[in-house]
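# Results of the structural survey
So the chains spell out like this:
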Amino acid sequence: MKNKLIDLNNHLFAQLEKLSDDDLKADQLQEELARSKAITGIASQIINNAKLALDAHKSINDGLIKSAPEMIGMSTSDEKKIH
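What you see is a predicted model, and the numbers here were worked out from it, not measured in a lab.

### Let's talk about the pattern of salt bridges
Tallied over the entire structure, the rule returns three salt bridges. With its nearest N and O atoms 3.3 Å apart, the salt bridge here joins Glu31 to Arg35. In this pair, Glu31 and Arg35 are both assigned in helix H2 (residues 26-61), four residues apart and thus about one turn of the helix distant. Owing to a relative accessible area of 48%, Glu31 belongs among the partly exposed residues under this scheme. Linking Lys51 and Asp55 is a salt bridge whose minimum nitrogen-to-oxygen distance equals 3.0 Å. Separated by four residues within a single helix, Lys51 and Asp55 lie in helix H2, roughly one turn from each other.

### Digging into the packing of helix H1 (residues 5-19) against H2
The relative placement of two packed helices comes down to the angle between their axes together with the axis-to-axis distance. The contact between H1 and H2 brings their axes to 10 Å, and the two run at 160 degrees. In terms of axis orientation, H1 runs roughly antiparallel to H2. Between H1 and H2 lies a crossing whose hand is left-handed. Each of Leu5, Leu8, Leu12, Gln15, Lys18 and Leu19 in H1 lies in contact with H2, whose residues at this interface are Leu29, Glu32, Leu33, Arg35, Ser36, Ile39, Ala43, Ile46, Ile47 and Ala50. Classifying every residue of the contact of H1 with H2 by side-chain character gives eleven nonpolar, two polar and three charged.

### Some thoughts on the side chain of Glu32
Turning to its location among the elements, Glu32 is positioned in helix H2. Judged by its relative accessible area of 10%, Glu32 falls in the buried class. If sequence neighbours within four positions are ignored, Glu32 has contacts with Gln15, Lys18, Leu19 and Leu24.

### What about the environment of Leu19?
Looking at where Leu19 falls in the secondary structure, it is placed in helix H1. According to the relative accessible area criterion, Leu19 is partly exposed, its value standing at 28%. Expressed as a C-alpha distance, the spacing of Leu19 and Leu29, which sit ten residues apart in the sequence, is 7.0 Å. For Leu19, the contacting residues outside a window of four places in its chain are Leu24, Leu29, Glu32, Leu33 and Ser36.

Definitions and limits used
Residues numbered from 1 in each chain as written. Predicted model: local features only at pLDDT ≥ 70, side-chain atom pairs only at ≥ 80, totals over all residues. Heavy atoms only, no water. Salt bridge = Lys/Arg side-chain N within 4 Å of Asp/Glu carboxyl O. Helix = DSSP H or I, 4+ residues; strand = E, 2+ residues; numbered from the N terminus. Buried < 20%, exposed > 50% of the residue type's maximum accessible area, 1.4 Å probe, protein only. Axes fitted to C-alpha atoms, helices over the stretch in contact; angles between N-to-C directions. Parallel < 35°, antiparallel > 145°, perpendicular 65-115°, else oblique. Left-handed = near helix turned anticlockwise from the far one by under 90°. Contact = heavy atoms within 4.5 Å. Nonpolar A, V, L, I, M, F, W, Y, C, P; charged D, E, K, R; others polar.

And the structure:
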């Protein structure tokens, strides 16, 4: 996978910097606010997906489940790396 959570973090901070620009005109600010809302919505889903994958890793390590559900996208070799 090309994108990492650190990339998401960088995008969120870049957007925060755009919103902090005192030179933004009212219409530009509204546009950035709309963009921020879209970005945070997508970011929330990415974070939720990452949490789900982390919870699956933890459950395997704790012996609560034998393997992650196929939809998580962890292969058997990935699961062995966890232990």
